[in-house]
Structures are given as C-alpha cells and as structure tokens.
Amino acid sequence: MSRPLRLAPFLLGAAIFGYLVARIGVDQLVSDAGRTGFMFVPIVLLYALVYACSARAWQLTMGDSRRPSFWRTYAVTISAGALNFLTPVVNAGGEPFRVAALAPWLGKRRAAGSVILHRMLHSFAYVLVWFTAIVLAFALLPRETPTVVLVILGVVGLLLLCVLALIMSAHRSGVLERLLNWMGRVPLVRRLAAMLEPRRAMLVEVDQQITEFYHRQPGRFVRAILLEYLSRCIFMVELVLIMASLGLPLGYFRAFTIGGLEAIAGNVLFLVPFELGAREGAYYLLFNLFGLDPQLGLYTAIVGRVRDFVWIAAGLLLIWGIGSRRATAGEPAT
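Here's what I pulled together on the structure shown here.

Before going further, it helps to spend a moment on the overall build of the protein. Helices and strands together make up the secondary structure of the protein, namely 15 helices and zero strands. Out of the 334 residues belonging to the protein, those deemed buried represent 50%. For the protein, long-range pairs separated by at least 24 residues make up 73% of all intrachain contacts whose partners lie at least 6 apart in sequence.

Rendered as structure tokens:
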C-alpha cells in the first residue's frame, strides 16, 4: 500500500483513539490497569492468541499459491481489528484496509473475496459461540431466574439457529448476487443497487470464490471455523483472569456464558458508538443475573476497555509496517 493510503486510516484512527482516551480519562485507565496488577499482562497477551487463530483462519481462505506470510497476515489482522473498533455503528472500517493489504499477493478481486469469506466464517463462529452461551445459560442460571428471561433466551436461540442456516446457505450457493437482486426490488435501496449493477460480474466472481471454498475445500472450511471458534473460547478466559486478579474464583463455563451473552447484547445495541455504556450495562445485568456482585461486571467492562486501547494502539502502529514491501513471486507461503 502507498504511504498516503496508510496515513489516512492511521490519522483517522489516532484521532478517534485520542477522543476515547480523553473521554474516559488517562488517570482512570491507569488506575484500573493498576488495580488488576500483574494479571493485566496475561490479559493483554491473551488477545495475541485470539488474533493468531483468526489470522490463521484467514490464511486458509487465500489458497496455497501466493499469499503473504503468517506474520504479515497477523499484523494486518491486528491493524484491521483496531480500525474496526474505531468505526462506529458498522464496525467494518478495517475490511477495505485488509483488501488493500492483500491485493499485491492475490489481486483486488481475490483479495476482496478472501476478506468477505473470512468475515462470513468469523460471523459463523461468533453465532456458534452465542448459541453455545445460550445453551450453557439454561444449565448454569440460578433456579430463581425469572421465566421471562428464559423465554427471551429461548427465542434468541431459535433466531440464532435461523442465522446459522442462512450463513450456511450463503456458503453453499453464494450470497452477493442474490443480495444485489434483492436490493433491486426494495424501494429504499434501489439506487444503491443501480450503482452496484456495473460490478455484477465481480460480485459473481467473488460468490464463486466463496462457494468453491465450501465445496472444493471442505476440510479447510471446517478448520477455519474451528480456529475462529477457538479464538473466542480463548478470549473467554479473560473474565476468569480478571476475577482472579481480585482474588475471586469464576469457572470457565460461567465466564463463557457471561461473555457470550454480553456479545449478543453488544451486537443488538450495535448502533451505540464504540459500545459506550452498552458493554458496562450488559455486564452489570449479567453478573447480577448469575448471582454475582454487579459492580464486578462494571470493573470487568472497564478492564476490557483498557485491553482494547492497548491493542488499538498496537494496531495503529502496525499500519506503518504493512505494505512497506511489495509481494514477490518467490515469497514462500507459510
């Protein structure tokens, strides 16, 4: 990528990052990190494993011929994650960045197909994690849990099964051309469909890339999903570590359930920029629901935000190391 292309997301991300730090306060962030003590180091490093699993899953969608090394893919994944977090509402600012970073190896169309495919696999694994959390919730919630909560969980579980079926259908038969056809029939988005119509051939090609990965490489398809699922399983250890830093035991499965349900709430409230307040409120309610001190939920959310800021800063800095070297024909695939 050219220097201006790297400079633009860096400056935009740095501006939003500075705003968030100023809003919360440097003293508050330092204080919360200090309260966690030495346990803050493994909490931060834990996310390195999360990114590593996701980067490897992304590599599986690229094929074996020409692709960036694992470490370059890893760096792009971290930077794109930072840009996604700093993109309010849609949380997708890092996806065009990933396409641009991958284009020297795969070309723009294959790079776009790989990014879309990985995003679909990522979403599939997320929904699986949420469904797992709901199943665990029925087993781990206290007996005095209000019936209305259980009914809501049941309805959400059924909706997640429908979403899983839709994502699997997209992998089997493509989704982009069908989405374009649907947009052409909806009054509110017809103009957007007309603007995208000249690119129908490209969308069809990307659709073929998605379906071929499912039909011709089912082993890689399963491995990629398992790696993404594993990344979220690793992430749930964070809640265990945060509670351990306060000298309080929290079982992994309970932590998994709380973390998974919080993720569902965060995606329902996706319109809230940066999940400000939404994450804290969700953790507060969930800790209370599981019979834990709700104040611990607030503390967990704050420590998670400090960890976010560390990785956002790392991702913004890594932008400068990405794209500084062009792909060469002889670069070995990892």
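This next bit is on helix α5 (residues 94-106). For α5, which comprises 13 residues, the first-to-last C-alpha distance of 18 Å matches the rise-based estimate of 18 Å (1.5 Å per residue) to within 8%. Most of α5 sits out of view: ten of its 13 residues are buried. Within α5 the residues assigned to the buried category are G94, E95, F97, R98, V99, A101, L102, A103, W105 and L106. Phi turns positive, to about 85°, at G107, one or two residues after α5.

Moving on: helix α10 (residues 200-216). The terminal C-alpha atoms of α10 lie 23 Å apart, and with 17 residues this matches the ideal 24 Å at 1.5 Å per residue to within 8%. For α10, every residue scored as buried is listed here: L203, V206, D207, Q209, I210, T211, F213 and Y214. Where α10 is buried, its residues touch α3 (40-60), α6 (108-140), α7 (147-173), α8 (176-185) and α11 (218-235).

Before going further, it helps to spend a moment on the environment of S123. Looking at where S123 falls in the secondary structure, it is placed in helix α6. Between the C-alpha atom of S123 and that of L164, which follows or precedes it by 41 residues, the distance is 9.2 Å.

On to the packing of aromatic side chains, then. With the rule as written, the count across this model stands at 13 aromatic pairs. With a centroid separation of 5.8 Å and an interplanar angle of 10°, the aromatic rings of F70 and Y74 are classed as stacked. With a gap of four residues between them, F70 and Y74 both fall in helix α4 (residues 70-85), about one helical turn apart. The pair F70 / Y74 is uniform in exposure class, with both members buried. Here the aromatic residues Y47, Y51, F235 and W311 are joined through ring pairs into a cluster of three or more. Of note, R232 hangs over the ring of F235, and the distance from its end group to the ring centre comes to 4.6 Å. Across from the ring centre of Y47, 4.7 Å away, lies the NZ or CZ of R307, which sits over that ring.

In total, this model carries four salt bridges according to the counting rule given. With a closest N to O distance of 3.3 Å, E95 and R119 form a salt bridge. With E95 in helix α5 and R119 in helix α6, the pair connects residues that are 24 residues apart, well separated along the chain. Residue class for E95 comes out buried when judged on its relative accessible area of 11%.

Within the secondary structure layout, S79 lies in helix α4. According to the relative accessible area criterion, S79 is buried, its value standing at 0%. Excluding its chain neighbours within four sequence positions, the residues that come into contact with S79 are F97, G315, L318, I319 and I322.

Conventions and cut-offs
- Residues numbered from 1 in each chain as written.
- Predicted model: local features only at pLDDT ≥ 70, side-chain atom pairs only at ≥ 80, totals over all residues.
- Heavy atoms only, no water.
- Helix = DSSP H or I, 4+ residues; strand = E, 2+ residues; numbered from the N terminus.
- Buried < 20%, exposed > 50% of the residue type's maximum accessible area, 1.4 Å probe, protein only.
- Contact = heavy atoms within 4.5 Å.
- Expected span 1.5 Å × (residues − 1).
- Phe/Tyr/Trp six-rings, centres within 6.5 Å; stacked < 30°, edge-to-face > 60°.
- Lys NZ or Arg CZ within 6 Å of the ring centre and 35° of its normal.
- Salt bridge = Lys/Arg side-chain N within 4 Å of Asp/Glu carboxyl O.

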